[in-house]
Amino acid sequence: MAKIVFDSVTKTFPTKDRKNRRNRSNRQEFTALDGIDLEIEAGEFVVVVGPSGCGKSTLLDLLGGLTRPTSGRILLDGEPVTGPGLDRGIVFQQYALLPWRTALGNIEFGLEATGATRRQRTERAREFLDLVGLTGFEDRHPHELSGGMRQRVAIARSLAYDPDVLLMDEPFAALDAQTRESLQDELRRIWQRTGKTIVFITHGIEEAVYLGQKVAVITSRPGRVKEVVRVDLGDRATGATGEDLRSSTEFARHRHEIWTLLHDEVARARQLEKEEVAV
Ligand code: ADP
Ligand code: MG
């Protein structure tokens, strides 16, 4: 049985279109996601890639239990998702850290709902700060940390309460290229060490190819799964990381494949916009 199943998931939002507001019987809805089918196995690293506005965050919010599907269902270990839970950790693009707590305090905070004692919380928080390479920064407050460090704290906080699934919504998008690449390497290492199921959202093709075992390409308006691409970059265990891997022919081939799928989509979205303006 798959760990996560999206089964014909549709999400619509009411439109705020003035034309439609006067006439209630003519109320329109905007379809953000339309019939999403996607299966994710336990321990898999799946990347969801698509143009801006195609419904990636909507999809992740549904899986996080922050919103509910309009129709269809999402199963986690065979059970429908009905709300948020400690079985899923979420990392957002902006560091959602508490500014008045230290790095250690932010991670401890995530453990307060688990029933761990104060001492256990501190021990575990230290262990996870170490896992993300922040030993020595326990007592710094978020404003005393770089963007990359803050995002490391956010990742450590999400991992510390040991969720089965890590949900990440463009977590590295606000970082500079070098920091982003080193965090990508770190995330892959953490994934290999912890065996978590990871669902990672991005609009970056290179990031998708570098991180994903499977890359789900989402079309826009309405969002649908266009294709699921399996990425095989050979045996990473041989030590090829970073530059080596990114300059390999397999990497280039996958990047081109996904680029082509997305390029069609961006062109189609532009066309749709033009038609709308003309109406
Ligand atoms: P992405 O994360 O891929 O950029 P989103 O999932 O944020 O896209 O949004 C998909 C579409 O749904 C966008 O057109 C957005 O404007 C719309 N949308 C998202 N959330 C809401 C909401 N709460 N109400 C109305 N429209 C929304
Ligand atoms: Mg988004």
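Relevant structure appears above.
Residues numbered from 1 in each chain as written. Chains lettered and ligands numbered in written order. Predicted model: local features only at pLDDT ≥ 70, side-chain atom pairs only at ≥ 80, totals over all residues. Heavy atoms only, no water.

What follows is about the sheet that holds strand β9 (residues 214–219). With mixed pairing, the six strands of this open sheet are ordered in space as β6-β7-β8-β3-β9-β10. The open sheet has two free edges, formed respectively by β6 (88–91) and β10 (224–230), since each of these has just one partner strand. The sheet shows a mean angle of 20 degrees between the axes of neighbouring strands, direction not considered. When strand β3 (residues 45–49) meets strand β8 (residues 197–202), the two strands line up parallel, connected through five bridges. (Pairing = 2+ DSSP bridges. Helix = DSSP H or I, 4+ residues; strand = E, 2+ residues; numbered from the N terminus. Axes fitted to C-alpha atoms, helices over the stretch in contact; angles between N-to-C directions.)

Glancing now at the sheet that holds strand β1 (residues 4–14). Think of a sheet as strands paired side by side through backbone hydrogen bonds, with each pair either parallel or antiparallel. On the basis of which strands lie adjacent, the open sheet formed by four strands has the order β2-β1-β4-β5 and antiparallel pairing. A single partner strand is all that each edge strand has here, and the edge strands are β2 (29–40) and β5 (79–80). One ladder, built from two bridges, connects strand β4 (residues 71–76) with β5; its direction is antiparallel. Among the inter-strand pairings, leucine 76 is bridged to a residue of β5, identified as glutamate 79.

Estimated volume of the second largest pocket: approximately 260 Å³. Lining the second largest pocket are 14 residues; nearest its centre among them are Arg88, Gly89, Ile90, Ser158 and Tyr161. Looking at the lining of the second largest pocket, the elements that each hand over two or more residues are β6, α3 (103–111) and α5 (147–160). A breakdown of the residues in the lining of the second largest pocket according to their chemical character gives seven nonpolar, five polar and two charged. (1 Å grid on protein atoms, 1.4 Å probe; cavity = no way out; pocket = protein on both sides within 12 Å on 5 of 7 lines; lining within 4 Å. Points joined across faces, edges and corners; volume = space filled by probe spheres on them. Nonpolar A, V, L, I, M, F, W, Y, C, P; charged D, E, K, R; others polar.)

Bringing the site of ligand 1 into the picture now. Around ligand 1 lies a shell formed by Phe13, Phe30, Ala32, Pro51, Ser52, Gly53, Cys54, Gly55, Lys56, Ser57 and Thr58. Within the side chain of serine 57, a nitrogen or oxygen atom sits 2.9 Å from an oxygen atom of ligand 1. Mapped onto the shell around ligand 1, the elements with two or more residues apiece are β2 and α2 (56–64). The element that contributes the greatest number of residues to the shell around ligand 1 is α2, accounting for three residues. Residue composition of the shell around ligand 1, grouped by class: five nonpolar, five polar and one charged. (Near = heavy atom within 4 Å. Polar contact = N/O pair within 3.5 Å; in protein donor to acceptor, adjacent residues only side chain to side chain.)

Limitation: the analysis is restricted to geometry and does not speak to function.
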